[in-house]
Each structure stands twice: as C-alpha cells, then as structure tokens.
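# Geometric and topological summary
Single-letter residue listing:
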Amino acid sequence: MFLKVELPWNVMIPAENMDAKGLMLKRAILIQLLDAFTAKKATKELGYYLGVTSLDKIGQGKIREHTGEVMFPVVFTGLTFKISQGEILEGVVHKVLKQGVFLKCGPVENVYIHCLKMPDYKYIPGENPIFMSDKMSRIQVETKVRFVVIGERWMEVEKEFQALASLEGDYLGPISEE
C-alpha cells in the first residue's frame, strides 16, 4: 500500500552552495534532500521511499565545525510503498521455476508464489517454462498476475522486502490485457 508520511531529515549543504539569496538556498536544500531520500531506498517501518511530495519546514542552519557544511533540519512529506499481509496486488512474472514463480510488484523485486499456492496450475517444462491451468490460462515470463500477500520479510542487509504470495481466492491469477 502507498503511505503518505511526514518525516524529519537533516540536510547537509556544502559552504560553496551557500548563497545570500534565500531562493538558491532553498533549491540547494531541496536537491540535497532528494539525493539523500532516493539513496536511502527503504526502511522496515515505512517500506520503499518513492518520492518527496512537499518540503514543509526548513529549520535554522547549524555550521559543522570541522567540515564547514551547514546542517539544516527539515520536515517534508513523502510517499512510500509497503507491502503487507492480506493485501491484493498485481505484479509481473520475471522468473518461472519448477517450484513456482517470481514476480516484480512496484519496487518489490522478489514476490514468490509457490506451485502449491497456484491451485489448478501445472508446470510445463521447456525452453520457456510455463504454468498452465485446465482452463488453458497461462502464467509465464511477462504475465501480469493478481495475487494476495500471505507473508512479507524485511532483508536488512539488502534493504529490501521479500514477499510470499498466493493465487488462492476469488479473482486472483493472470490478468488479460484486453
């Protein structure tokens, strides 16, 4: 789900970027904030950082003694994406294995659906392996699939989420592009 969050942040501005005009300073703060925000990637509590929607408050700058940089405390509103249990989402298959499929869903690269969680689908090996149902519905690479999240895990080292999903339920499975 998408979350709108208000976050405090400390922005460091090098001395050479300081300007007597307030507009240039605000621009420098915003650029540094955007750089730092996108480099952060994700947190366990808030999910993936997607973007800054507004810069709400810029606090009083404090000069750092050894570096000469000025630290500005800021408060901004941002948009995040966090996957959660029970949520119904859509993703695109990027890998088909005998035991299941991996999907990408927004910034989440590893959503796994085990073959036991795909009722009525059978694995068909080959150069381009697929899962096919009795009703001739196919799940293969590049197929868009609607699924329900049955579990999620935060990977601290990679700073990313992994999810376990299922196609058990009404209106879940491949989505036709028609």
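Remember, predicted model here, so these are calculated numbers, not experimental data.

### A few points about the pairing of strand β8 (residues 108-114)
- Direction of pairing for strand β7 (residues 100-105) relative to β8: antiparallel, over a ladder of five bridges. Following the sheet pairing, C105 is matched in β8 by V108.
- Taking the residues between adjacent antiparallel strands as the criterion, β7 and β8 are bridged by two residues, where G106 takes a positive phi near 60°.
- Relative to strand β13 (residues 160-166), β8 runs parallel, the two sharing four bridges. Opposite V111, over in β13, you have A163 as the bridge partner.

### So, the side chain of T77
- Take T77: it is sitting in strand β5 (residues 70-81).
- For T77, a relative accessible area of 9% translates into the label buried.
- At 2.6 Å, the side chain of T77 and the side chain of D56 are in polar contact.
- Setting aside residues no more than four positions away along its own chain, T77 makes contact with K4, V5, E6, V52, T53, S54 and D56.

### Notes on the pattern of salt bridges
- Under the criterion given, the structure shown has six salt bridges.
- The salt bridge involving K144 is made with E90; its shortest N-O contact spans 3.6 Å. With K144 in strand β12 (residues 144-155) and E90 in strand β6 (residues 88-97), this pair connects stretches of sequence that are 54 residues apart.
- A relative accessible area of 31% places K144 in the partly exposed class.
- Classification of E90 by relative accessible area gives partly exposed; the value is 34%.
- Between E90 and R146 there is a salt bridge whose closest N-O contact spans 3.1 Å. Taken together, the positions of E90 in strand β6 and R146 in strand β12 put the pair 56 residues apart, joining distant regions of the chain.
- What makes R146 partly exposed here is its relative accessible area of 27%.
- Members of the salt-bridge network, linked through shared partners, are E90, K144 and R146.

### Things to note about the sheet that holds strand β9 (residues 121-124)
- Here three strands make up an open sheet; going across it, the order is β9-β10-β11 and the pairing antiparallel. Here the strands that pair on one side only, and so sit at the sheet edges, are β9 and β11 (138-139).
- Sheet topology places β9 next to strand β10 (residues 130-133); four bridges connect them, and they run antiparallel. Note on β10: the bridge partner recorded for K122 is M132.

### Brief notes about the layout of surface pockets
- The computed volume of the largest pocket comes to approximately 220 Å³.
- Per-class residue counts for the lining of the largest pocket are four nonpolar, two polar and three charged.

Conventions and cut-offs
- Residues numbered from 1 in each chain as written.
- Predicted model: local features only at pLDDT ≥ 70, side-chain atom pairs only at ≥ 80, totals over all residues.
- Heavy atoms only, no water.
- Pairing = 2+ DSSP bridges.
- Helix = DSSP H or I, 4+ residues; strand = E, 2+ residues; numbered from the N terminus.
- Buried < 20%, exposed > 50% of the residue type's maximum accessible area, 1.4 Å probe, protein only.
- Polar contact = N/O pair within 3.5 Å; in protein donor to acceptor, adjacent residues only side chain to side chain.
- Contact = heavy atoms within 4.5 Å.
- Salt bridge = Lys/Arg side-chain N within 4 Å of Asp/Glu carboxyl O.
- 1 Å grid on protein atoms, 1.4 Å probe; cavity = no way out; pocket = protein on both sides within 12 Å on 5 of 7 lines; lining within 4 Å.
- Points joined across faces, edges and corners; volume = space filled by probe spheres on them.
- Nonpolar A, V, L, I, M, F, W, Y, C, P; charged D, E, K, R; others polar.

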